[in-house]
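Summary of structural features
The chain contents come next:
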Amino acid sequence: MLHSSYLHYAQLAAALFVVAMLAVLLTAYILAIIWARVYFYRRVNFSPDMLEAGLPGVSIIKPLVGIDRNVYANLETFFTLQYPKYELLFCLESDSDSARMVIETLMEKYPAVEARLLCSPILCGVNPKINNMMQGYQTAKHQLVLISDSGVKMRPEALADMVWCINQKDVGLVHQMPFVDQRPGFRSLVHSAYFGCSHAKSYISANCLGITCCTGMSCLFRRQVVDKLPSGLAYFGRYLAEDFFLAQHIQSRGYRVSVSHYPALQDGTGEVRFLQRRLIRWAQLRTAMVPHIILLELIAECLAAGLLGAWALPFLFPSLNPCACFLIHCLTWLLADYAMLRSCMDTAGVDEKPQFGRVEFVCAWLLCVGMTPLNLLVSLSRSEIVWRNRRFRLSWGGATHEVSSQQKLTNASSKPTL
Ligand SMILES: CCCCCCCC/C=C\CCCCCCCC(=O)N[C@@H](CO)[C@H](O)/C=C/CCCCCCCCCCCCC
Ligand SMILES: O=c1ccn([C@@H]2O[C@H](COP(=O)(O)OP(=O)(O)O[C@H]3OC[C@@H](O)[C@H](O)[C@H]3O)[C@@H](O)[C@H]2O)c(=O)[nH]1
């Protein structure tokens, strides 16, 4: 008797906790949607003083391996940036890389843009992206450095925006929230539904709470802060999640990390299974660095939160039907996700009209809602990370070692710096 009343009180407490948690999640989600609607695509103007003093130069490092989808069109956007002073540093892992021809064609088409092609990666750690970028970093002329992944497209005004953000008080790093270039097709919609809904919700909430959450696909930072480390950017070569540690380092030096008004436009036309592999890899990185985060992510997802709600609400209000609670929860989540996606799109500009229908969106959304918890669970079951033909093993905290490499740095043995 005593035992069953304890059980009842424990269940009551758990149900109240779940309902309170769902209310917090919903409120946080609504705030994140409003934040995105107000913040993204806001036009900024440089102060006359700053314009008079001259805008700072930016060295843009583009690490490239092979040909990505739409590589020509995406890279071309870096030759047409509306910014007065920048250099492009294309970093290849070998001079026979297939991306070389594309870059040379673009360099010929835009001779006025300062651009260099580098093909001698510097082996300084396990992270192949850092190894590749170091050749550009060492020769970069400017104090502001932008790391920009190969598959990212840049709007003409985005670089100026990032420079404006980094010139705010105490800002040491500015990153673009990963999003997707709006293209027709179901694959692109799945990418948009993932990055514009579930990912945007976590990314924005974390950043608004002051939690370091920075993806290295597009981030601008002050070189002088990184160069305080004896080996500079090379220091982060020991981690696979160099972006997380870079942002942490910059914060530890007393600088703020801020989000650009323009999300990063990834290509998003790749196959869904590749997106899934990438998300599993990212989840593996997060698990190694901040293990408790995965539990939080799982319960902040639509399905888990819905199942918890479908138990807790009828427990508190026995007249409620669990199935109805679950369906209403999913519908609310779907509408919130759609609102978030629209907030991440430039509704007043180029993306004014979505290039997809409602039914298509619901299908893509269902796929993402099912895929996200599955990815998190798969990530927990794996001990090795595979990234572009290389296998790695992570230790708790994020330090990494390579298990095997099928694709060695071509120049590794011939350069004295390696
Ligand atoms: C409606 C509100 C829902 C809030 C749910 C918040 C739950 C998750 C909170 C933070 C997770 C953010 C994940 C963003 C995606 C990051 C993508 C990624 O994995 N990128 C990696 C590769 O580029 C990168 O190396 C990882 C960087 C970020 C890791 C995030 C660590 C956050 C640590 C937070 C710990 C305290 C959480 C307390 C939250 C209230
Ligand atoms: O072996 C490699 C792999 C990748 N890269 C470059 O690194 C960039 C990102 O590569 P991918 O697109 O494969 O990977 P992701 O988009 O998942 O990267 C992301 O996750 C891991 C983080 O360390 C990265 O900072 C982040 O950009 C590309 O520009 C790619 O060309 C290399 O230079 N060498």
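This structure is a prediction, so every number in the text was calculated from the model and none was measured. (Residues numbered from 1 in each chain as written. Chains lettered and ligands numbered in written order. Predicted model: local features only at pLDDT ≥ 70, side-chain atom pairs only at ≥ 80, totals over all residues. Heavy atoms only, no water.)

**Looking at the state of the cysteines**
All chains considered together, the criterion is met by zero disulfides. Just so you know, cysteine 219 is unpaired, no disulfide at all, and the nearest cysteine sulfur is the one on cysteine 214, 4.7 Å from it. Among the cysteines around cysteine 330, which has no disulfide bond, cysteine 302 carries the closest sulfur, lying 4.1 Å off. With relative accessibility at 14%, the residue cysteine 330 sits in the buried group. (Disulfide = S-S within 2.5 Å. Buried < 20%, exposed > 50% of the residue type's maximum accessible area, 1.4 Å probe, protein only.)

**Focus: the site of ligand 2**
Around ligand 2, 20 residues are found, and the nearest of them are Pro63, Lys129, Asp149, Glu242 and Arg388. Taking serine 150, its main chain carries an N or O atom lying 2.9 Å from an oxygen atom of ligand 2. Relative to its free-state accessible area of 660 Å², ligand 2 is covered by the protein chains to the extent of 95%. Within the residue set of the shell around ligand 2, elements represented by two or more residues are strand 1 (58–64), helix 5 (128–139), helix 9 (242–252) and helix 10 (272–289). Of the residues assigned to the shell around ligand 2, the class counts are eight nonpolar, three polar and nine charged. (Near = heavy atom within 4 Å. Polar contact = N/O pair within 3.5 Å; in protein donor to acceptor, adjacent residues only side chain to side chain. Areas by Shrake-Rupley, 256 points an atom, 1.4 Å probe, with all protein chains shown as cover. Helix = DSSP H or I, 4+ residues; strand = E, 2+ residues; numbered from the N terminus. Nonpolar A, V, L, I, M, F, W, Y, C, P; charged D, E, K, R; others polar.)

**A word on the side chain of asparagine 127**
Looking at the secondary structure, you find asparagine 127 in the loop between strand 3 (114–118) and helix 5. With relative accessibility at 0%, the residue asparagine 127 sits in the buried group. A polar contact of 2.8 Å, which involves the side chain of asparagine 127, links it to the backbone nitrogen of lysine 129. Here tyrosine 239 takes part through its backbone oxygen, which lies 2.9 Å from a polar atom of the side chain of asparagine 127. Leaving out residues up to four positions away in the same chain, asparagine 127 has contacts with Phe236, Gly237, Tyr239, Leu240, Glu242 and Trp387. (Contact = heavy atoms within 4.5 Å.)

**Overview of the UniProt feature "transmembrane region" (unreviewed entry) in the protein**
UniProt marks residues 12–40, 288–313 and 361–380 with the feature "transmembrane region" (unreviewed entry), using the numbering shown here. Across residues 12–40 one finds 97% helix and 0% strand; the C-alpha atoms that close the span lie 41 Å apart. In residues 361–380, the share of helix is 100% and the share of strand is 0%. The end C-alpha atoms are 29 Å apart. (UniProt positions renumbered as here; feature names shortened; annotations may be inferred.)

**What to know about the site of ligand 1**
Near ligand 1 you find 26 residues, and of these Leu25, Ile211, Ala241, Asp243 and Arg286 are the closest. Aspartate 243 places a side-chain nitrogen or oxygen 2.5 Å from an oxygen atom of ligand 1. In the environment of ligand 1, an oxygen atom lies 2.6 Å from a nitrogen or oxygen atom belonging to the side chain of arginine 286. Here ligand 1 loses 86% of its free accessible area of 940 Å² to cover by the protein chains. Of all the secondary-structure elements, those providing two or more residues to the shell around ligand 1 are helix 1 (2–39), helix 7 (186–208), helix 9, helix 10 and helix 11 (293–299). Considering every element that reaches the shell around ligand 1, the biggest residue donor is helix 7, with five residues. Taken together, the residues of the shell around ligand 1 break down into 17 nonpolar, five polar and four charged. The two domains that each donate at least three residues to the shell around ligand 1 are domain 1 (11–37 + 283–381) and domain 2 (46–270). (Domains from an automatic or database assignment.)

**A few points about the domain arrangement of the protein**
It is common to report an interface's size as the accessible area lost on association of the parts. For the protein, the assigned domains read domain 1 (11–37 + 283–381) and domain 2 (46–270). One C-alpha centre belongs to domain 1, the other to domain 2; they are set 29 Å apart. Contacts between the two partners involve 27 residues from domain 1 and, on the opposite side, 26 residues from domain 2. For the pair domain 1 and domain 2, the summed buried area comes to about 2,300 Å², and 76% of that belongs to carbon and sulfur atoms. On inspection of domain 1 and its partner domain 2, the count reaches two salt bridges. Of the charged contacts in the structure, one is a salt bridge between arginine 155 and aspartate 346, with a shortest N-O distance of 2.9 Å. Taken together, the links from domain 1 to domain 2 amount to five residue pairs in polar contact (both at pLDDT 80 or more). Looking at the side of domain 1 that touches domain 2, the elements with two or more residues in it are helix 1, helix 10, helix 13 (322–344) and helix 14 (358–381). Sorting elements by how many residues they give to the side of domain 1 that touches domain 2 places helix 14 first, with eight residues. (Buried area = accessible area lost by both parts, 1.4 Å probe. Salt bridge = Lys/Arg side-chain N within 4 Å of Asp/Glu carboxyl O.)

**Remarks on helix 14**
With 24 residues, helix 14 should cover 34 Å at 1.5 Å per step; its first-to-last C-alpha distance of 35 Å lies within 8% of that length. Of all the bends in helix 14, the largest measures some 25 degrees and sits at methionine 371, one to four residues before the proline proline 373. When we look at burial in helix 14, the residues that qualify are Phe361, Ala364, Trp365, Cys368, Val369, Met371, Thr372, Pro373, Asn375, Leu376 and Ser379. Where the residues of helix 14 are buried, they touch helix 7, helix 10, helix 11, helix 12 (302–316) and helix 13. (Expected span 1.5 Å × (residues − 1). Bend = angle between axes of the 7 residues up to and from the residue.)

**Things to note about the sheet that holds strand 2 (residues 86–92)**
Reading across from one edge, 3-2-1-4-8-6-9 is the order of the seven strands in this open sheet, with mixed pairing throughout. With partners counted over all chains shown, the strands left at the sheet margins are strand 3 and strand 9 (256–259), one partner each. Pairs of neighbouring strands in the sheet enclose a mean axial angle of 20 degrees, with direction left out of account. Relative to strand 8 (residues 218–222), strand 4 (residues 144–148) runs antiparallel, the two being bridged by five bridges. What sits directly across from leucine 146, in strand 8, is leucine 220. Taken strand by strand, helix 5 contacts strand 1, strand 2, strand 3, strand 4 and strand 8, and its axis lies near 145 degrees from that of strand 2. (Pairing = 2+ DSSP bridges. Axes fitted to C-alpha atoms, helices over the stretch in contact; angles between N-to-C directions.)

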